[in-house]
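# Structural features, examined
Given next are the chains, with one letter for each unit.
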Amino acid sequence: MIAVLIVLCEVAFWVLLAAGLALRYLAKKPRLGAAVLLCEPLLEVMLLVVTAIDLKNGASPDWKHGLAAVYIGFTVGLGHSTIRWVDVRVAHRFAGGPPPVKPPKYGMARAVHEWRAAARWIVAAVTALVLLQLAIWYVGGDGDASALQGWQQKMLLVIGINVAIAGSYTLFPKTDPGGGTEAGPGAKTLR
């Protein structure tokens, strides 16, 4: 049941996103579109409640309960930036908005970009870690929590990988093959 609910939440996320953006840009009803987009967190609340009820009713914690915590964590850490990313592209394509800003490719501007991306992934993983630990405490010493602990190890790996990637751009910044320096957003170029 939990695995099906996770799939339904993911599908509902994209349906709500499409509906909210369609209302905002195609139907020219920005407030109604924003209201639909604000319903997105209700999906995670519903998943959290159903997972807690399932565990409370004596279900043995397994990979599905861990996946629910990870899904919620990733929605918390990455959901807003995903919505913003899609929103900018839909606004550009259908409402005459400005084109999306491309991330910097070189130098410290790229390193800053990578640290911001890593921060979102770290928030996602830490949120999942906290939810997993709460589930372990909720089950108590009577249940086998090894599946949940396995997910915790994976979240620590996600944090480590993101720190390593961002750190590599800081320690070994890519240089512009053309010899120029790339200006960060809002920087003025001299010519």
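Below you will find a few notes about this structure. (Residues numbered from 1 in each chain as written. Predicted model: local features only at pLDDT ≥ 70, side-chain atom pairs only at ≥ 80, totals over all residues. Heavy atoms only, no water.)

Here the structure, examined in full by the defined rule, presents 3 salt bridges. Among the salt bridges present, the one from D87 reaches R24, with a minimum N-O distance of 3.1 Å. Within this pair, whereas D87 is found in helix 4 (residues 63–95), its partner R24 is found in helix 1 (residues 2–26), the two being separated by 63 residues in sequence. Residue classification places D87 among the buried positions, given a relative accessible area of 15%. A salt bridge links D62 to K64, with the shortest nitrogen-to-oxygen separation between them at 3.0 Å. You can call K64 partly exposed: its relative accessible area is 23%. (Salt bridge = Lys/Arg side-chain N within 4 Å of Asp/Glu carboxyl O. Helix = DSSP H or I, 4+ residues; strand = E, 2+ residues; numbered from the N terminus. Buried < 20%, exposed > 50% of the residue type's maximum accessible area, 1.4 Å probe, protein only.)

Interaxial distance between helix 3 (residues 40–56) and helix 5 (residues 107–139) falls to 10 Å at its minimum, and their mutual angle equals 25°. The angle between the axes of helix 3 and helix 5 places the two elements in the roughly parallel class. Crossing of helix 3 over helix 5 shows right-handed handedness. When helix 3 is examined against helix 5, the residues L48, A52, L55 and K56 are found in contact with a partner set consisting of L131, A135, Y138 and V139. Along the lines of polarity and charge, the residues of the contact of helix 3 with helix 5 split into 7 nonpolar, no polar and 1 charged. (Axes fitted to C-alpha atoms, helices over the stretch in contact; angles between N-to-C directions. Parallel < 35°, antiparallel > 145°, perpendicular 65-115°, else oblique. Left-handed = near helix turned anticlockwise from the far one by under 90°. Contact = heavy atoms within 4.5 Å. Nonpolar A, V, L, I, M, F, W, Y, C, P; charged D, E, K, R; others polar.)

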